[in-house]
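The residues making up each chain are set out below.
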Amino acid sequence: MAGRLIYVMGPSGSGKDTVLQGLHGLMGGDGYMAPRLVTRPAHGKEPWAVPVSMAEFVRLERDGRMAMAWRAHGLAYGVLRDIDDKLAEGCDVLVNGSREYLPEAGRRYPDLVPVLLTVDNTLLRRRLTDRGRESDARIGERLARNRRFTSMTCHAAGVPIFVLDNSGAANDAVHTLYRYLMRGQPGRLPSCN
């Protein structure tokens, strides 16, 4: 049985990395956290982020080594093809994805499980400000973009998107997502280390 591509997306500051880390911890060896290549320096809260130069990113993309690749906010992001092997082995693969890239991800992986993290806009502004990576104007642009995506309910293949509010304790969101994913799936997952 093929594994599931669990595609977690949401605005910057929604807690995707935190939720993914927590979910990966609950899954133990039953899930594979796909490293995400990004063309900026990694930050301590992104243990699966792999910084690469734009030239290296383009080379990997050109050589067909990327399963998924997208551009956002002047950066390039991608996930390597090793996820295809993990999925074929029956392993569930966790991906920090992009809302805008979801239609393409859905075409490439029709059985993906889309998860949208949402956050109260006031809290999101505070998280982005506290992070200190962007100007107030850039944060305003991110918040406006976020409003565009908050009403997502289905992806291109018509699969419902699981919408999860992460405005409270991250642990609550992690456990809610874990229960959603494991519902009706006892003993289904192989070890994916």
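Residues numbered from 1 in each chain as written. Predicted model: local features only at pLDDT ≥ 70, side-chain atom pairs only at ≥ 80, totals over all residues. Heavy atoms only, no water.

**Considerations on the sheet that holds strand β6 (residues 75-80)**
Link 1 in the chain: Across the sheet, which stays open at both edges, the 4 strands sit in the order β4-β3-β6-β5 with mixed pairing between neighbours. The open sheet has two edge strands, β4 (49-51) and β5 (66-72), and neither has a second partner. On average, adjacent strands in this sheet sit at an angle of 25° to one another, irrespective of strand direction.
Link 2 in the chain: One ladder, built from 3 bridges, connects strand β3 (residues 36-38) with β4; its direction is parallel. (Pairing = 2+ DSSP bridges. Helix = DSSP H or I, 4+ residues; strand = E, 2+ residues; numbered from the N terminus. Axes fitted to C-alpha atoms, helices over the stretch in contact; angles between N-to-C directions.)

**So, helix α7 (residues 170-182)**
Link 1 in the chain: Helix length check: α7 (13 residues) gives 18 Å between terminal C-alpha atoms against 18 Å at 1.5 Å per residue, within 8%.
Link 2 in the chain: Those residues of α7 not exposed but buried are A173, V174, L177, L181 and M182. In an axial view of α7, the angular spread of the buried residues amounts to 150°, which keeps them on one side of the axis. Pointing more than 90 degrees away from the buried face of α7 are the exposed residues D172 and R179.
Link 3 in the chain: Where α7 is buried, its residues meet β1 (5-9), α1 (16-27), β8 (113-118) and β9 (162-165). (Expected span 1.5 Å × (residues − 1). Buried < 20%, exposed > 50% of the residue type's maximum accessible area, 1.4 Å probe, protein only. Arc of directions from axis to C-beta. Contact = heavy atoms within 4.5 Å.)

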